[in-house]
2 protein chains.
Amino acid sequence: MGISISLVDRPIARPSLLFPLDGSSGAVVEFFGVVRGREAGKAIAALDYEAYRAMARKELERIAAETARREGCHDLVLIHRVGIVPVGEPSLYLRVAAERRGAAFRIAEELIQKLKADVPIWKAPVPSRLPAASPPGERR
Amino acid sequence: MGISISLVDRPIARPSLLFPLDGSSGAVVEFFGVVRGREAGKAIAALDYEAYRAMARKELERIAAETARREGCHDLVLIHRVGIVPVGEPSLYLRVAAERRGAAFRIAEELIQKLKADVPIWKAPVPSRLPAASPPGERR
């Protein structure tokens, strides 16, 4: 069982996934968490992710090991981008290979939930620099 | 909202996924269903997928449209390989982009369940060509 955890401050490059696999894994689930263009109803340009890197990595390793142990997980790769992540770009990549489909999906979802709950990474919206539309009363 | 459905009789090539996305999708889930080395307890070399192609494609399009309509799905790509698929190679690829993570996972899982239940694609094991181990009594 392999676990790979990375924090990066550049665009996430999807790790290669080479077939054939070894015949033990029946399911591979990959997930990208992507920055959306609106946060709390307001247009944004990016999210700025701040992390206590050493602690974040330690927590990510802990929850990955804990989650992966619970079910038939064969391979787990997690990459979290920190710093400014523009709209439309991924801040999180996750890959889980497992014997069975159900386990692969459960491990992926559970890991993301734990990550959001427990890992010291915070995000702050970077406002859009596009000029706001003038209110109707000021237009002619 | 885009839906793309393919049946192919060659190795599945993962469709390109280019960032940045347009700011509406917060989650992309990808799934590979992979042939495992054992089927019903016996070593196999491959699975042979047989399909009524026209009907399978129609059913895939129907369940994809039905599933994608139910939640905030922005993009759906499904590729099913037919014919002989060797151990370790994917027979199914699915990608779902949606506004939210929960919806993306639910759509992906539901679509695979419906596919297995409703789509006229059958699989037959291709026995492993490795020589079976001789029973202990016949060895010297």
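Overview of the structure.

Conventions and cut-offs
- Residues numbered from 1 in each chain as written.
- Chains lettered and ligands numbered in written order.
- Predicted model: local features only at pLDDT ≥ 70, side-chain atom pairs only at ≥ 80, totals over all residues.
- Heavy atoms only, no water.
- Helix = DSSP H or I, 4+ residues; strand = E, 2+ residues; numbered from the N terminus.
- Buried < 20%, exposed > 50% of the residue type's maximum accessible area, 1.4 Å probe, protein only.
- Polar contact = N/O pair within 3.5 Å; in protein donor to acceptor, adjacent residues only side chain to side chain.
- Contact = heavy atoms within 4.5 Å.
- Expected span 1.5 Å × (residues − 1).
- Arc of directions from axis to C-beta.
- Phe/Tyr/Trp six-rings, centres within 6.5 Å; stacked < 30°, edge-to-face > 60°.

## Comments concerning unusual backbone geometry
All names here are of chain A. With an omega of 0°, the peptide bond running from F19 to P20 counts as cis. Positionally, P20 belongs in the loop between β1 (2-8) and β2 (27-34). Non-glycine residue A40 carries a positive phi angle of around 55°. Mapping A40 onto the fold places it in the loop between β3 (38-39) and β4 (42-51).

## Description of the side chain of T67 of chain B
All names here are of chain B. Inspection of the secondary structure assignment puts T67 in helix α1 (residues 53-70). Taking relative accessible area as the criterion, T67 reaches 2% and is therefore assigned buried. In this structure the side chain of T67 is engaged in a polar contact, spanning 2.6 Å, whose partner is the backbone oxygen of I63. What T67 contacts, discounting residues up to four positions off in sequence, is I107, E110, L111 and K114.

## Observations concerning α1 of chain B
One full turn of an α-helix is made of 3.6 residues, so residues set three or four places apart face in the same direction. All names here are of chain B. Across its 18 residues, α1 extends 26 Å between first and last C-alpha, which sits within 8% of the 26 Å expected from 1.5 Å per residue. A56, E59, L60, I63, A64, T67 and A68 are the residues of α1 that are buried. The buried residues of α1 occupy one face: seen down the axis, they fall within an arc of 150°. Exposed side of α1, more than 90 degrees from the buried face: A54, K58 and R69 are the residues found there. Where the residues of α1 are buried, they touch β1 (2-8), β4 (42-51), β5 (73-81), α2 (101-118) and β8 (121-127).

## Side note on the packing of aromatic side chains
Scanning the entire structure with this criterion turns up nine aromatic pairs over all chains. A centroid spacing of 5.4 Å and a plane angle of 15° characterise the contact between F105 of chain A and F31 of chain B, whose relative ring orientation is stacked. Of the two residues, F105 of chain A sits in helix α2 (residues 101-118) while F31 of chain B sits in strand β2 (residues 27-34), which places them in two different chains. There is no split in this pair, since F105 of chain A and F31 of chain B are both buried. Centre to centre, the rings of Y52 of chain B and W122 of chain B are 5.4 Å apart; their planes meet at 90°, and the pair counts as edge-to-face. Remark: W122 of chain B occurs in strand β8 and Y52 of chain B occurs in the loop between β4 and α1; sequence separation between them is 70 residues.

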